[in-house]
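# Examining the three-dimensional arrangement
Spelled out, the chains give:
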Amino acid sequence: MQCVVNRRAQFLASHHYSLPELGETENLEKFGRSSKFPGQGHNYTLFISIAGELDKYGMVLNLSDVKQVIKREITDQLDFSYLNNVWPEFQQTLSSNENIARVIWQRLAPHLPLIRVQLVEHTGLWADYMGEGMQASLSISTHFSAAHRLASNLSSEKYSKCSRTHGHNYHLEVTVEGEMDSRTGMIIDLDALNRVVENDVVKIFDHFCVNKDIPHFSEIVPTTENLVLYISNLLKSPIQKLGAKLSQVKLFESPQLWVDYQGNGTETFLTVKSEFSSAHRLAHPGLSLEKNTEIYGKCARVNGHGHNYQLEVTVKGEIDSSTGMVVDLGALNQVIANLTEPLDHSFLNRDVPYFGEVVPTAENIALYISNMLRLPIQELGAELYKVKLVESPNNSCEIYPSDIESTSVITVQNQPVLATV
Ligand SMILES: [Zn+2]
Ligand SMILES: [Zn+2]
């Protein structure tokens, strides 16, 4: 059973963009203020994603080993460094966000089963690299405030309070992909991308009423799903003109609800985020305290510890043309609440029978949740696409249930992932 584990790391570094083959004026023209010596610094945040089968201890890899590898190979070398000089790779290709992510991938790949390296320069800019030559993606974020009301011609009861005019601070993330330039390391002119998003989207929505001020939505219900589709259509061709491809638009109606669109017909991905607080202890009942401590470290302490788990449940589906939604949101929230209620304010190992046998690592908890949600979500007419469980800012894991071959709740309950030790 494949599981994706994300591990966060951080480093501080400075850099500046300039190519020796260009003169000072040309460098300034190409890179703006970033070309000025000695450059600027960032608090970089790195998310390393690995994937693999869960082992008998309920982990893809021992997290403290993963942490050590990232520290030794990457952050110990880059922290408090001047990137232009620290690694020879950055003399060939500048230390753009995209290229730093690519070089980190190359250096970690011999040690970890990587599937993604994400490098965040700041909350409004990050790059993703997935091991494909010079191909990378870059995301920017912005926001706008707008009013709307949800009411189709058919019925406004369906939308309860949302049928009244109200508003949101929408948070928008735009992801583009393309080939990095072999010298600049960049896939797109970032200033030009920011201008497109600002002019073609933010200016149209910000401080307007979507239903009344945007003609498209006089007939179409402005659900987050329909908004994201419309925004994607606005951005597609201007981004193509900048030499990159729009690969994803993500629109947050609130920090607890967002929709992703990847340009595939009317297929969208709706995510709802919730939280539960639980205690747990990582220890296999068949092993000694000494052995458990060797495997799980502090997490094996006998009386347990706890987390505020953040749960992100993503469903995939076509937008229903009459409601504008992929799934009945109220019903989805209810299904999730039914599952998390018994987990909230519990000691998982003792209070949830499943975790009496199975070590409640984040991976095993996410797998349990995924298996419990799959059928009820199917009954709502949507497909459970992803379960992401964030255990702490440093650790999270993801399960993609469609990867699981016909695993049902019953089989998982009968066959704990943690096999005999
Ligand atoms: Zn609303
Ligand atoms: Zn823990």
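Residues numbered from 1 in each chain as written. Chains lettered and ligands numbered in written order. Predicted model: local features only at pLDDT ≥ 70, side-chain atom pairs only at ≥ 80, totals over all residues.

We note that the domain assignment places domain 1 (1–130), domain 2 (134–263) and domain 3 (302–421) within the chain. Taken over C-alpha atoms, the centre of domain 2 sits 28 Å from the centre of domain 3. With eight residues of domain 2 in contact, the opposing surface of domain 3 contributes six residues. Here the side of domain 2 that touches domain 3 is built from residues that sort into three nonpolar, three polar and two charged. (Domains from an automatic or database assignment. Contact = placed C-beta atoms within 7 Å. Nonpolar A, V, L, I, M, F, W, Y, C, P; charged D, E, K, R; others polar.)

This next bit is on helix 2 (residues 63–78). With 16 residues, helix 2 ought to run about 22 Å at 1.5 Å a step, and its terminal C-alpha atoms sit 21 Å apart, in line with that. Where helix 2 bends most, at lysine 71, the angle is about 50°. For helix 2, the full list of buried residues reads Leu63, Val66, Ile70, Ile74 and Leu78. Buried residues along helix 2 sit in contact with strand 1 (2–15), strand 2 (40–53), strand 3 (81–82), helix 3 (83–86), helix 5 (97–108) and strand 15 (395–399). Phenylalanine 80 sits one or two positions beyond helix 2 and adopts a positive phi of about 60°. (Helix = DSSP H or I, 4+ residues; strand = E, 2+ residues; numbered from the N terminus. Expected span 1.5 Å × (residues − 1). Bend = angle between axes of the 7 residues up to and from the residue. Buried ≥ 20, exposed ≤ 12 C-beta atoms within 10 Å, placed from the backbone.)

Another aspect to go through is the environment of tryptophan 126. Mapping tryptophan 126 onto the fold places it in strand 5 (residues 125–129). Classification of tryptophan 126 by C-beta neighbours within 10 Å gives buried; the count is 24. Sequence spacing of tryptophan 126 and serine 370 is 244 residues, and the spatial spacing of their C-alpha atoms is 28 Å. Not counting residues up to four positions away in its chain, the partners in contact with tryptophan 126 are Asn97, Gln118, Leu119, Val120, Glu121 and Ser139.

The next subject is the nonpolar core. Core analysis: the biggest nonpolar cluster contains 104 residues, and Ile104, Leu119, Leu251 and Leu389 have the highest contact counts within it. In terms of residues, this core owes the most to one element, helix 13 (residues 362–379), which gives nine residues. (Core = buried A, V, L, I, M, F, W, Y, C linked by C-beta atoms within 7 Å.)

To continue, consider the pairing of strand 11 (residues 267–280). Sheet topology note: the strand 10 (residues 257–261)/strand 11 ladder contains five bridges and is antiparallel. Within the sheet, the bridge partner assigned to leucine 257 lies in strand 11 and is valine 272. Remark: five residues form the turn of the hairpin made by strand 10 and strand 11, two consecutive strands paired antiparallel; glycine 263 in that turn has positive phi of roughly 80°. Looking at chain direction, strand 11 and strand 12 (residues 305–318) are connected through 14 bridges and run antiparallel. Counted as the bridge partner of serine 277 is asparagine 308 from strand 12. (Pairing = 2+ DSSP bridges.)

Sheet analysis places strand 1 next to strand 2, joined by 14 bridges and oriented antiparallel. By the bridge assignment for strand 2, valine 4 is matched with alanine 51. Pairing of strand 2 with strand 4 (residues 114–122) involves six bridges; the strand directions are antiparallel. Residue pairing in the sheet places serine 49 in a bridge with arginine 116 of strand 4.

This part is about the confidence of the model for the chain. In the predicted model, the chain carries a mean pLDDT of 92, and 94% of its residues have values of at least 70. Of the regions scoring below 50 in pLDDT, residues 406–421 engages in 25 contacts with residues more than four places distant in sequence or in other chains. (pLDDT = per-residue confidence, 0-100.)

What follows is about helix 5. Spanning 12 residues, helix 5 covers 17 Å between terminal C-alpha atoms, matching the ideal 16 Å at 1.5 Å per step. Burial analysis of helix 5 places 10 of its 12 residues in the buried class, which makes it a mostly covered element.

So, about unusual backbone geometry. Residue proline 38 is reached from phenylalanine 37 by a cis peptide bond, and omega for that bond is 0°. In this fold, proline 38 is placed in the loop between helix 1 (24–31) and strand 2. If you check the backbone angles, phenylalanine 80 has positive phi at about 60° while not being a glycine. Relative to the helices and strands, phenylalanine 80 resides in the loop between helix 2 and strand 3. Even without being a glycine, histidine 345 presents a positive backbone phi close to 50°. With respect to the helices and strands, histidine 345 occurs in the loop between helix 10 (329–340) and strand 13 (346–347). Owing to 12 C-beta atoms within 10 Å, histidine 345 belongs among the exposed residues under this scheme.

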